[in-house]
Amino acid sequence: MIGIIGIITIFVMVFGGYIAAGGKMGIILKSLPFEMTMIGGAAVGAFLISNDGPAIKHTVKDIGKVFKGPKWKPEDYRDLLCLLFELIRLARQNPVAIEEHIEAPDESSIFSKYPRILTDREAIAMICDTMRSASMNYDDPHQVEEVLEKRMEANVHHAMHSSHALQIVADGLPALGIVAAVLGVIKTMASIDQPPEILGKMIGGALVGTFLGVFLAYGLVGPFAAKVKDVTEDEANFYLLIREVLVANLHNHATNICIEVGRQNTPSHRRPSYSDLEEALKAIKQEAA
């Protein structure tokens, strides 16, 4: 919703201010289809050249993040902490029993309680791989933390591609606007024998290209790239929480301490309150009793 409001604000302020200053929309509307075809078409073509098929699909899909925001909500962080609590507690009480859950999470009675988390294959893989490693006595906290750190860096690098791709398009749009404007000037020079009022309209139409390139770059595509980057970084905190809790578990801290470490490392705007989490954990304990 905020993204839509932002786009509306941009158009109202820019074109509303232009009209309020005495500008006429006729020349812009007349030139817009042709200028948009040249600038937009060239931008799309450059985007296709610089990306492969999966990257293109990934970027198009990630544009939705501008309007939807981060995937993970505060209640998802609470659920993740509850999931990790159940897994760690079971692993300490019965190391053999945990195997059926981490080997087949889709069939696990524990994972099935948290369907939103279960749909994220990377989150599930991080949890299961790390707990499986611990069961195989690969339990050096520092080594595991380093492995998880590298894994997260690779995932974030991949996830950031959409933002980088959009930013490259944004950086190129002003230049493409100049290209369209130059073509308009060439067209105008070929009609130099026309009356001044006709030449004025032709020059105005050519300048629409420069305006459109800059407007699209700094008013739309650039902010889209920045928003996708911000959302991607926000979503990465979900996997950071997994790492912090599982590493704390390898340090043999008490289960409640491991969960509190995760809660404290959750960003403040996503962090569940202590009382809210405590109530959720109590419900889990009562269910297991």
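Preceding this paragraph is the structure being described.
Residues numbered from 1 in each chain as written. Predicted model: local features only at pLDDT ≥ 70, side-chain atom pairs only at ≥ 80, totals over all residues. Heavy atoms only, no water.

Chemist: How should the packing of helix H5 (residues 74–93) against helix H12 (residues 255–264) be read in this particular structure?
Modeler: Helix-helix packing is characterised by the crossing angle of the two axes and by the distance between the axes. Running from amino to carboxyl end, H5 crosses H12 at an angle of 155 degrees, the nearest separation of the two axes being 10 Å. Taken together, the axes of H5 and H12 lie roughly antiparallel to each other. Of the two elements, H5 crosses H12, and the hand of that crossing is right-handed. On H12, the residues touching Leu-81, Leu-84, Phe-85, Ile-88, Arg-89 and Arg-92 of H5 are Thr-255, Asn-256, Cys-258, Ile-259, Gly-262 and Arg-263. Residues of the contact of H5 with H12, tallied by class, amount to 6 nonpolar, 3 polar and 3 charged. (Axes fitted to C-alpha atoms, helices over the stretch in contact; angles between N-to-C directions. Helix = DSSP H or I, 4+ residues; strand = E, 2+ residues; numbered from the N terminus. Parallel < 35°, antiparallel > 145°, perpendicular 65-115°, else oblique. Left-handed = near helix turned anticlockwise from the far one by under 90°. Contact = heavy atoms within 4.5 Å. Nonpolar A, V, L, I, M, F, W, Y, C, P; charged D, E, K, R; others polar.)

Chemist: In this structure, what is going on with the layout of surface pockets? I would like to understand it.
Modeler: The gaps left among the atoms become clear once a water-sized probe is rolled over them. A volume near 730 Å³ is recorded for the largest pocket. Considering the residues around the largest pocket, the lining is formed by 21 residues, among which Asp-62, Lys-65, Lys-71, Glu-235 and Tyr-239 are closest to the centre. With 5 residues, helix H9 (residues 141–159) is the single largest residue contributor to the lining of the largest pocket. The residue makeup of the lining of the largest pocket, split by class, is 7 nonpolar, 6 polar and 8 charged. (1 Å grid on protein atoms, 1.4 Å probe; cavity = no way out; pocket = protein on both sides within 12 Å on 5 of 7 lines; lining within 4 Å. Points joined across faces, edges and corners; volume = space filled by probe spheres on them.)

Chemist: For this particular structure, what's the right way to read the nonpolar core?
Modeler: A general feature of soluble globular proteins is that nonpolar side chains tend to end up buried together. One finds Leu-80, Leu-83 and Ile-127 to be the most contacted residues of the largest nonpolar core, which totals 43 residues. One finds Ala-170, Leu-212, Phe-215 and Val-221 within the second-largest nonpolar core, a separate group that totals 18 residues. (Core = buried A, V, L, I, M, F, W, Y, C linked by side-chain atoms within 4.5 Å. Buried < 20%, exposed > 50% of the residue type's maximum accessible area, 1.4 Å probe, protein only.)

Chemist: Got a minute to help me understand the pattern of salt bridges in this structure?
Modeler: Where side chains of opposite charge bring their charged atoms close, a pairing between them can arise. Scanning the model with the defined rule gives 17 salt bridges in all. For Asp-79, the salt bridge identified is with Arg-78, shortest N-O distance 3.4 Å. A residue is classified by how much of its surface remains accessible, and Asp-79, at 22% relative accessible area, is partly exposed. Between Arg-243 and Glu-149 there is a salt bridge whose closest N-O contact spans 1.9 Å. In this pair, Arg-243 is assigned in helix H11 (residues 196–250) and Glu-149 in helix H9, connecting sequence segments 94 residues apart. Residues joined by salt bridges that share partners form a network here, namely Glu-103, Glu-122, Asp-129, Arg-132 and Arg-151. (Salt bridge = Lys/Arg side-chain N within 4 Å of Asp/Glu carboxyl O.)

Take it as geometry only, folks, not as evidence of what the structure does.
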